[in-house]
Amino acid sequence: MVLDKYSILKDELLKCIDLIASIEGIPGYPSEELREKIQNNVFNLVVLGQFKRGKTTLINALLGSEILPTAVIPLTSIATILKYGEELKINVFFNDGRVTEIIPEDLREYVTEKGNPKNEKDVFEVVITYPSPYLKDGVRLIDTPGVGSVFEHNTDVAYQYLPKSDAALFLLSVDQPVSKAEMDFLKDVREYSNKIFFLHNKADYVDKEDLKESILFSKKVLEEIMNSEVKIFPLSAKLALDGKLDGKPELLKKSFLLEFESILNTFLMEEKGKVLLLSVSNTLLRYLSHALFELGLEMKSLTIPVEELKTKIEIFEKKKKEVMREKQDFDILLDGEVDRLVKKGLDEDLEDFKKETAEVLSTGLEKFYKENKSMSSKELNVALERYVMDEVKNACNNWWAKEDGKLASAFEAICSRFITKINETVDSLFKFSSELFAIPFEEFKAEELWTVKQTFYYKFKEEPVMLEVLSKFLTLSLPKFVGDKIILKKMKEYLHEMIDTQSGRVRFDFAERLDKSKLDFRWEMYERIEATIKGISSAIDKGLNQKSEGKKAVEERKKVLLENEKRMNEVKERLIQLQQRVSL
Ligand SMILES: Nc1nc2c(ncn2[C@@H]2O[C@H](COP(=O)(O)OP(=O)(O)OP(=O)(O)O)[C@@H](O)[C@H]2O)c(=O)[nH]1
Ligand SMILES: [Mg+2]
């Protein structure tokens, strides 16, 4: 399995992080953060498809345990996220922000259409931690309700998980030709998802020949929709699960799961694993090259005459001031860029969203009104209200999920540009010192990625769109004699008001978090420059101090420095080897 390789290299990288931390004298070395960056690297896999295609069974098969409930009737009604944890723990997140831990036996009561019809319990999602090796290296599986069943609200849930997925697993079934509903769904998935894997499940239903034929047929249909070549993987989720549960490798072989898993994992490794491993190891190499330089500087200051050193320090101080000024320029530029992201990105998107939603939902509302005109005024009122509430909520949630990913990547792109600039500044300081003190400096250009903290993505879940407008409206009880037409008019006003309020909240939330993320980023960049200056200054100071303690102290210190240098070079070598293995 390719993710095994990822796992081994990841552990090696973690070891290097620890090794560097154990060597004296790397100021501002963020070992904790780098470790976290590696641990937080997740591969989100969303399992999608029409109802009853075997999505939930596939997840159980991947985990080798019947952890999620499956059935012959449309079942899953809530999205369930499975991630690694030392023990099995199930948390239910509600739309109003509550979180409850439940026992596995109660899962059905929350995630199935039967146990929780029309999501009457108002569940947002269920998060399960489970000690499966499959999840250990950061794979997260997301089970979604099947689309196209009579339970329409299930479809909307599936859409919310697409923008954040690294890969979508789209399940079809060999015994059913691709349906109209599936085609429509796929057209949407295509817009939201970066990578789609197609699976023809229930391969155990048919013989080899039929399987081939059915795959060929679907391939043609799918290629038309995707406008590109499509590969379809055969699968029997059921055999895979049985094979794993009963420890029967022959069943597992017949299930085709392993072939698919290996292709999927290769993709994840190539797309995400490699990027992370290279980025972190580059960062480490940069730190090492700086540390080695500082070490050389201390060595130098132990050897050259004090007077000469002092003159050089004065020159360095001037350069330092220059760098600090540059830093201030960065702050202003960063403010400007983030501001532009809010005004050009967020605000414009939000305006489009409001306009489009108002149009679509007004038409929808009229249609709904016409279809339900026979109801009594009171019933109609309630039904229309519910309609507006549900639709606005859905529209907002879907838009939010999409915009969230978009803003996060735009913000990350800004940050990455700034990191490059700041690293250049830091390097210029080293290069300057390198010439000044005549010590070699190995410049290490590293493309660094800045990833927004997890909370940036998930905060909204704890604070879902609250429909406070509704309660206000409910108190406005309309007089009985007021005609249905007035109800419709009022509802339209309500609709617009609702779209406005909700959009306002979403905007506030986004803008606030962007600002917070900007401050986090700025702080870290500031630290980086500070650490460089401090590192260089303190290396010189250390040398000077040792010198004042006499010859013996100087010789002792030289020994320590040589030992540290050796250790740094050893880790450096390990990192270079690791990078070669990543690229193989
Ligand atoms: N024969 C066979 N049956 C399967 C296979 N995969 C799933 N099933 C059966 O198909 C039925 C539906 O499976 P689920 O995993 O609940 O399907 P789902 O796609 O999650 O369904 P929804 O949650 O309702 O969308 C169950 O009875 C499974 O046992 C398979 O590979 N072969
Ligand atoms: Mg299911």
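Residues numbered from 1 in each chain as written. Chains lettered and ligands numbered in written order. Predicted model: local features only at pLDDT ≥ 70, side-chain atom pairs only at ≥ 80, totals over all residues.

**Digging into the overall build of the protein**
Of regular secondary structure, the protein possesses 17 helices and 9 strands. The buried share of the protein, taken over its 584 residues, is 36%. Here the contacts in the protein between residues at least 6 apart in sequence split such that 81% fall between residues at least 24 apart. (Helix = DSSP H or I, 4+ residues; strand = E, 2+ residues; numbered from the N terminus. Buried ≥ 20, exposed ≤ 12 C-beta atoms within 10 Å, placed from the backbone. Contact = placed C-beta atoms within 7 Å.)

**Considering the site of ligand 1**
Neighbouring ligand 1 are 23 residues, the closest being Gly 54, Thr 70, Thr 76, Gly 146 and Lys 238. Looking at the shell around ligand 1, the elements with two or more residues in it are α3 (55-63) and α9 (237-245). Looking at which element gives the most residues to the shell around ligand 1, the answer is α3, with 3 residues. Taken together, the residues that form the shell around ligand 1 break down as 8 nonpolar, 9 polar and 6 charged. (Near = placed C-beta within 6 Å. Nonpolar A, V, L, I, M, F, W, Y, C, P; charged D, E, K, R; others polar.)

**Details of the confidence of the model for the protein**
Averaged over every residue, the pLDDT of the protein is 84; the share at 70 or more is 89%. Per-element confidence in the protein is highest for strand β9 (residues 232-234), whose mean pLDDT is 96, and lowest for helix α14 (residues 454-462), whose mean pLDDT is 37. Here residues 454-475 scores under 50 on pLDDT; set against residues more than four positions off or in separate chains, the count is 31 contacts. (pLDDT = per-residue confidence, 0-100.)

**Some thoughts on helix α8 (residues 208-226)**
Given a rise of 1.5 Å per residue, 19 residues ought to cover 27 Å, and the 26 Å separating the end C-alpha atoms of α8 matches this to within 8%. Looking only at α8, the buried set comprises Ser 214, Ser 218 and Leu 222. One face of α8 carries all of its buried residues, which in axial projection span an arc of 65°. Relative to its buried face, α8 has exposed residues pointing more than 90 degrees away, namely Lys 208, Glu 209, Lys 212, Glu 213, Leu 216, Lys 220 and Glu 224. Contact partners of the buried residues in α8: β7 (167-173), β8 (196-201) and β9. (Expected span 1.5 Å × (residues − 1). Arc of directions from axis to C-beta.)

**Description of unusual backbone geometry**
Phi angles above zero are rare outside glycine, and Asp 122 is one such case at about 60°. Here Asp 122 shows up in the loop between α4 (108-111) and β5 (123-130). Backbone geometry places Asn 227, a non-glycine residue, at a positive phi of 60°. Locating Asn 227 in the fold gives a position in the loop between α8 and β9.

**Quick notes on the sheet that holds β9**
In spatial order, the strands read β4-β3-β5-β2-β6-β1-β7-β8-β9; together these 9 strands make up an open sheet with mixed pairing. Each having just a single partner strand, β4 (99-102) and β9 make up the two edges of the open sheet. Direction aside, neighbouring strands of the sheet carry axes that sit 25° apart on average. With 6 bridges connecting them, β7 and β8 associate as parallel partners. The residue of β8 that forms the bridge with Leu 171 is Leu 199. Sheet strands touched by α3: β1 (43-49), β2 (80-84), β5, β6 (139-143), β7 and β8. Its angle to β6, the strand with the most contacts, is close to 155°. (Pairing = 2+ DSSP bridges. Axes fitted to C-alpha atoms, helices over the stretch in contact; angles between N-to-C directions.)

**Examining the packing of α3 against α9**
Contact geometry of α3 with α9 gives a least axis separation of 8 Å together with a crossing angle of 30°. Of the possible angle classes, the one that applies to α3 and α9 is roughly parallel. Here the hand of the crossing between α3 and α9 comes out left-handed. Taking contact as the criterion, the partners of Thr 57, Leu 58, Asn 60 and Ala 61 in α3 are, on α9, Ala 237, Lys 238, Ala 240, Leu 241 and Lys 244. (Parallel < 35°, antiparallel > 145°, perpendicular 65-115°, else oblique. Left-handed = near helix turned anticlockwise from the far one by under 90°.)

**Overview of the nonpolar core**
When a protein is soluble and globular, its nonpolar side chains tend to lie buried together. Counting residues in hydrophobic clusters, the biggest one holds 96 residues, and the most contacted among them are Val 47 and Phe 170. A domain split of this core shows at least three residues from each of domain 1 (41-255) and domain 2 (304-548). Not counting residues up to four positions away in its chain, the partners in contact with Val 47 are Lys 55, Leu 58, Ile 59, Leu 141, Ile 142, Asp 143, Thr 144, Leu 169 and Leu 171. Grouped together as the second largest cluster of nonpolar side chains are 32 residues, Val 392, Tyr 494, Leu 495 and Met 525 included. (Core = buried A, V, L, I, M, F, W, Y, C linked by C-beta atoms within 7 Å. Domains from an automatic or database assignment.)

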